[in-house]
Amino acid sequence: MSGKSKDRLEDFYAPGAIVFTGKARQPEPAAAALGRRARQLASASAATSAEVGEMDIRIAAAEYAIATYTYRFHDTRAGQGGVSQRHTLFGRATQIFHQEKDGRLLLVHEHLSAAVPPEVEKSGSK
Amino acid sequence: MQSISVDQVRSEVFKFWSAFEGKTRSSFEEQYSPTAGVFAVDGRRSEPARLMWVRRDREFFGPQSSVRARLGTITVQLLGANLAVAAYPLQFSVVRTLPNGKRVGVDVPFCRATQVFQIDEKGKLLIIHEHLSSAEPVAPKELPSQ
């Protein structure tokens, strides 16, 4: 995600994948969430980085695995009101992967959330 | 082995919240695999179900605590014959008793739940993973002692 490539991001999801993104109130199809995420991150001035914590993997069935982990996500955006930096310090992720016939792993379900609201820093307009 | 159905998963979700609201400890615990992992709404990391049972028992199942949940539409993904995911929004209100004896009320109007169910060898659906979260920040309110 920190690489900002919409095509690459979409490649990780199965066509019928369902996701809960950071602030969404309902589960939604991954395609809708990815479109929104791509628009948010597409700005040339946007910069993102992520650090993934310890990961727990559970093989739930022959072709399915559940990955759970914590993460930190940093997002910098420039807008008319100046530059804002958003730091998600206590991100939590659940991702369920399916192994396709060709061996690829695709996400069929994702739940991203934060245990504590992100910290936001704003600096003056340019 | 029988396959999981969408109705069966929805029924388990309602049963789960009924046990939680009713503070029926045994029914509540029986719905989890002992090896399940859980992200609580405010948990900074995943915790084992056995640890969560002890914490929820202390905080939510005491005489001065209460749990209320109003479930939204439950989306069910059937992943093969013995695995399914339930994803749904809910309004969640709790009064919890902290280890220091203080009571706090927490309203989570935009709670989100993911519960992964697996069918065991006896044909029972068990939660093997749970992720609860809030779409909006929530602030606990300290309540007077009863």
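Figured I'd write up the structure that's included with this text. (Residues numbered from 1 in each chain as written. Chains lettered and ligands numbered in written order. Predicted model: local features only at pLDDT ≥ 70, side-chain atom pairs only at ≥ 80, totals over all residues.)

Brief notes about the overall build of chain A
Part 1 of the reasoning: When you go through chain A residue by residue, the secondary structure sums to two helices and seven strands.
Part 2 of the reasoning: When its helices and strands are written in sequence order, chain A yields α-β-β-α-β-β-β-β-β.
Part 3 of the reasoning: Sequence separation of 24 or more characterises 52% of the internal contacts of chain A that already satisfy a separation of 6 or more. (Helix = DSSP H or I, 4+ residues; strand = E, 2+ residues; numbered from the N terminus. Contact = placed C-beta atoms within 7 Å.)

Side note on the overall build of chain B
Part 1 of the reasoning: Along the backbone of chain B there are three helices and eight strands.
Part 2 of the reasoning: Over its C-alpha atoms chain B spans a radius of gyration of 15 Å, differing by no more than 12% from the 15 Å that the globule rule assigns to 146 residues.
Part 3 of the reasoning: Taken along its principal axes, the extent of the C-alpha atoms in chain B is 50 × 30 × 25 Å.
Part 4 of the reasoning: Counting across all 146 residues of chain B, residues that qualify as buried make up 35%. (Rg over C-alpha atoms; globule rule 2.2 N^0.38 Å. Buried ≥ 20, exposed ≤ 12 C-beta atoms within 10 Å, placed from the backbone.)

Comments concerning the nonpolar core
Part 1 of the reasoning: Judged by nonpolar contacts, the single largest core of 46 residues is most densely connected at A84(B), A86(B), V116(B) and F117(B).
Part 2 of the reasoning: Of the residues forming this core, the biggest block, nine residues, is contributed by strand β5 (residues 83-97) of chain B.
Part 3 of the reasoning: Residues within four places of V116(B) in sequence aside, it is in contact with A60(A), I66(A), I96(A), V85(B), I127(B), I128(B) and H129(B). (Core = buried A, V, L, I, M, F, W, Y, C linked by C-beta atoms within 7 Å.)

Focus on unusual backbone geometry
Residue and element names in this part refer to chain B.
Part 1 of the reasoning: We note that K23 has phi near 55 degrees; this positive angle belongs to a residue other than glycine.
Part 2 of the reasoning: Along the chain, the position of K23 falls in the loop between α1 (6-21) and α2 (25-30).
Part 3 of the reasoning: With 17 C-beta atoms packed within 10 Å, K23 lands in the partly exposed category.

Remarks on α1(B)
Along an α-helix, residues three or four positions apart point the same way, because every turn accommodates 3.6 residues.
Residue and element names in this part refer to chain B.
Part 1 of the reasoning: With 16 residues, α1 extends 23 Å from end C-alpha to end C-alpha; this agrees with the ideal 22 Å at 1.5 Å per step.
Part 2 of the reasoning: Within the sequence span of α1, burial applies to V9, V13, F16 and F20. One face of α1 carries all of its buried residues, which in axial projection span an arc of 60 degrees. Looking at α1, the residues exposed on the side facing more than 90 degrees away from the buried face are D7, S11 and F14.
Part 3 of the reasoning: Structurally, α1 contributes buried residues whose contacts are with α2, β3 (66-71), β4 (75-78), β5, β6 (103-119) and β7 (125-134).
Part 4 of the reasoning: Positive phi appears at K23, one or two residues downstream of α1, with a value of about 55 degrees. (Expected span 1.5 Å × (residues − 1). Arc of directions from axis to C-beta.)

So, the interface of chain A and chain B
Part 1 of the reasoning: Contact residues are listed per partner, giving 25 residues for chain A and 27 residues for chain B.
Part 2 of the reasoning: If you list the elements that add at least two residues to the side of chain A that touches chain B, you get β1 (13-20), β3 (47-61), β4 (64-79), β5 (82-99) and β6 (105-114) of chain A.
Part 3 of the reasoning: Residue composition of the side of chain A that touches chain B, grouped by class: 13 nonpolar, seven polar and five charged. (Nonpolar A, V, L, I, M, F, W, Y, C, P; charged D, E, K, R; others polar.)

As for the pairing of β3(A)
All names here are of chain A.
Part 1 of the reasoning: Across 12 bridges, β3 lies against β4 in antiparallel orientation. Along β4, the bridge assignment pairs T48 with D75.
Part 2 of the reasoning: Connecting β3 to the next strand, β4, in antiparallel fashion are two residues. (Pairing = 2+ DSSP bridges.)

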